[in-house]
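Architecture at a glance
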Amino acid sequence: MTEKEKMLRGMLYAPAHDETLLAELAACKAQCQQFNQRAYQAEGIESAQMLLRRLLGAAGEGLRIEPPFWCDYGWNISVGRNFYMNHGGVILDAGGVTFGDNVLVGPQCGFYTSGHPLAAAERNRGLEYARPIRVGSGVMQELPGILRDLGASHIFLEADNYTYEAAGRQVEQLLDQAGLSYHKRVFQTETPLVPNEYALGSVLAAMTSQDDMLLAVGSGTLNDVTKYVSARTGVPYVIAATAPSMDGYASTVAPTILDGFKTTLPAVYPAAIVADVDILKDAPMPMLTAGFGDIIGKFTSLADWRLSHQLNGEYYCPEVAGVIEAAVETCAANAQALAQREPQAIQAVTEALILSGLAMGMVGVSRPASGAEHQMAHYWEMDALRRGEEHPL
C-alpha cells in the first residue's frame, strides 16, 4: 500500500516518503502561487478564478476565494454553490475537505485535516494522519455515513432531555432510516447535567459488550463524559454538537466534577465532530455567548502563556499561538452577527473552538486555551455547585 493510499484511508502515513505525494504537493503550491499573483492584478482576476476551478476537486457556481489562498493538494477539496472565502484562507486537505452550499468563510480561517501522533517514536518517524472535514448546513444528514465509514455496527447513543430535543430525536431517526443498530441513554434532569461520578457511572453502567461506537449528542458535559469513558474503555466516540459553547470538542482532556472539585482527567480525541450550523444557531443564547466568551478569554490566556515563557522559561510555540490569535480576531469581528444568530458567525465561533482544542493537543498542555480566567471560572462553578445553585459556567 502506498503512502497516498494510507493517507486516504485515514491511516498513519509518511508524506516525505512518497514521491507522488511530494510531486502533487509541489504542483499545488505552484498553482496557489500563480492564483495569488494573478488575483491581485485587475486583468488577471478572471483567469485566477479559472485556475481555482482547475485546482479544486469540485466547485459549484458562484465560487469566490480572495488571495492569498493556500492548500496542500486541491483535488481533495469540494465546495458547493456560492462558496466564498475571505483573505488568508488555508486548507490542509490531506483528509478531504467538503463545503456545502452557501458557505461563507471569514478572513484568516484555516481547515486542517492533518494531525500528528502524540507518541514521540511515531512522531519522530515523520508519520501523520488525516481526517476529513465537512462544513455546511444540514451536515447532520451525513452522520450515518460517517458512522459507517468509521466501522460502527453497534452504537451507544447518549443525550439528556435538552439535547435530545435539540438534535437527539433527529439523530435517532437518521440511525433508524440507515438501519444502524443502537441503544440509548437519555438523562432526565431539570437542571443542566453535571459531569460528576453519577454521569460517568451511568454511562459506563449502560454500555454493553457489543458497543463499538459511542455517540454523544450534546455539548460540554456530554462530550466530556463520553470522551473520558471512551478513553477508559477503548471504544471510539463521535460527538454530534448541539451548541458552540466550549472548546473541548477537539481536546484530549475531560473536565469533571469529582467530590465537588473540578478535576481534569485524561481523554481522547473524537473519531468525528459533527457540527451542523442549522442546529448550532438555535442553541440557547447563554450557550452561544459562553462559546464566544471562551474564545475571547484566549486574549488573556495567551498573555499568561507568554508571560510564563518570559519569566519561567516555559515552552511557548508562536505558531500555535498565532493560530489561536487569528481565530480570536475572527470571532471578535463577528460579535454583532453572533447576537443575531447569523450562520457565518456561528461557523466562525465553532471553528475557533475546535481549533482551540486542537492547539492544546499540539503542545500537550492547555496553555493556548486557558489561563487565570479558567481558574476563576472553575472556582465559581465549584462554589455554585456546593451551594446547590445553577450557574452559567
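Keep in mind it's a predicted model, so treat the numbers as computed, not measured.

A short note on a nonpolar patch on the surface
A cluster of nonpolar side chains, namely M376, Y379 and W380, defines an oily patch on the protein surface of about 360 Å² accessible area. Tracing the backbone through its elements, the reader meets Y379 in helix 15 (residues 372-386).

Some points on the packing of helix 2 (residues 19-39) against helix 3 (residues 45-55)
In the contact formed by helix 2 and helix 3, the axes pass within 8 Å of each other and the chain directions differ by 160°. Taken together, the axes of helix 2 and helix 3 are roughly antiparallel relative to one another. In this structure, helix 2 meets helix 3 at a crossing whose hand is left-handed. Counting all contacts with helix 2, which are made through C28, Q31, C32, Q34, F35, R38 and A39, the residues of helix 3 involved are I45, S47, A48, Q49, L51, L52 and L55.

Quick word on the pattern of salt bridges
Under the definition given, this model contains 17 salt bridges. E3 is the partner of K6 in a salt bridge, and the nearest nitrogen-oxygen pair spans 3.3 Å. Taken together, the positions of K6 and E3, both in helix 1 (residues 3-8) and 3 residues apart, correspond to about one turn of that helix. Judged by relative accessible area, E3 falls into the buried class, the value being 15%. Note that D282 is salt-bridged to K281, the shortest N-O span being 3.5 Å. Look at D282 and you get exposed, because its relative accessible area is 54%. Among the charged side chains, a network of salt bridges with common partners joins D383, R386, R387 and E389.

A look at empty space enclosed by the protein
By the definition in use, this model includes 1 cavity of 30 Å³ or more. Its volume calculated, the largest cavity comes out at about 60 Å³. Lining the largest cavity we find Q108, C109, G110, A326, A327, T330, A348, E351, A352 and L355. Every element with two or more residues in the lining of the largest cavity is listed here: helix 12 (318-333) and helix 14 (343-363).

Observations concerning helix 3
Here helix 3 has its buried residues at A48, Q49, L51, L52 and L55. Down the axis of helix 3, the smallest arc covering the buried residues is 155°, so these residues share one side. Turned more than 90 degrees away from the buried face of helix 3 sit E46 and R54, all of them exposed. Contacts made by the buried residues of helix 3 are with helix 2, strand 2 (64-65) and strand 3 (69-71).

Some thoughts on the environment of G168
Mapped onto the fold, G168 is located in helix 6 (residues 161-178). C-alpha of G168 to C-alpha of G218: the two residues are 50 residues apart in sequence and 8.3 Å apart in space. Leave out the neighbours within four places in its chain, and G168 touches T163 and V217.

A closer look at the side chain of E66
Mapped onto the secondary structure, E66 falls in the loop between strand 2 and strand 3. Looking at E66, the relative accessible area reads 13%, which means it is buried. Beyond its immediate stretch of four places on either side in the chain, E66 contacts Y84, M85, N86, H87 and G88.

Observations concerning unusual backbone geometry
Of note, the amide linkage connecting P67 to P68 takes the cis form, showing an omega dihedral of -5°. Along the chain, P68 falls in the loop between strand 2 and strand 3. Located in the positive-phi region is Q108, a residue other than glycine, with phi close to 60°. Using a relative accessible area of 48% as the deciding quantity, one classes Q108 as partly exposed. Notably, D259 is not glycine yet its phi reads approximately 55°, a positive angle. With respect to the element layout, D259 can be found in the loop between strand 17 (253-258) and strand 18 (261-266).

Let's talk about the sheet that holds strand 15 (residues 213-218)
One open sheet accounts for 5 strands, arranged 14-13-15-16-19; its pairing is parallel. Each of the sheet's edge strands pairs with one partner strand only, and the pair in question is strand 14 (181-187) and strand 19 (272-274). Taking the axes of each pair of neighbouring strands and ignoring which way they run, one obtains an average angle of 20° across the sheet. In the sheet, strand 15 pairs with strand 16 (residues 237-241) via 5 bridges, with the strands oriented parallel. From the neighbouring strand, L215 faces strand 16, where its bridge partner is V238. Where helix 7 (residues 197-206) meets the sheet, its contacts fall on strand 13 (154-160) and strand 14, and the angle it forms with strand 14 comes to roughly 155°.

Calculation notes
Counting restarts for each chain: residues are numbered from 1 in the order of the written sequence. Under the rules for a predicted model, residues below a pLDDT of 70 receive no local features and side-chain atom pairs below 80 are neither given nor counted, while totals for whole chains, interfaces and linings still include all residues. Side-chain descriptors were evaluated using all non-hydrogen atoms of the structure, hydrogens and water having been removed beforehand. Two distance rules govern patches: like charges are joined within 9 Å, and nonpolar side chains (Val, Leu, Ile, Met, Phe, Trp, Tyr) within 5 Å, applied only to residues with over 30% relative accessible area and no salt bridge. Accessibility throughout is a Shrake-Rupley quantity obtained with a 1.4 Å probe, and a residue counts as covered only by protein chains that appear here. Whenever Lys or Arg places a side-chain nitrogen within 4 Å of a carboxyl oxygen from Asp or Glu, that contact is recorded as a salt bridge. We count a stretch as a helix when DSSP gives it H or I for four or more residues in a row; a strand needs E for two or more, and each element gets its number in order from the N terminus. Helix axes use the C-alpha atoms of the stretch in contact, all axes being lines fitted to C-alpha atoms, and the angles between their N-to-C directions lie in the range 0 to 180 degrees. For this classification, under 35 degrees means roughly parallel, over 145 means roughly antiparallel, 65 to 115 means roughly perpendicular, and everything else is oblique. Two helices cross in a left-handed way if the nearer one is turned anticlockwise from the farther one by less than a right angle. They cross in a right-handed way if the turn is clockwise. Contacts are residue-level and defined by heavy atoms, with any inter-residue pair within 4.5 Å sufficient. Working definition: with a 1.4 Å probe on protein chains only, accessible area under 20% of the residue-type maximum means buried, over 50% means exposed, and in between means partly exposed. Residues are called lining when one of their atoms sits within 4 Å of a cavity or pocket point, these points coming from a 1 Å grid over the protein atoms alone, where a cavity is a set in which a 1.4 Å probe fits but cannot get out and a pocket is an open set with protein on both sides within 12 Å along at least five of seven lines. Grid points are joined across faces, edges and corners, and a volume is the space filled by probe spheres set on the points. By arc we mean the arc of the directions from the helix axis to the C-beta atoms, nothing more. A pair of strands is treated as paired once DSSP finds two or more bridges between them.

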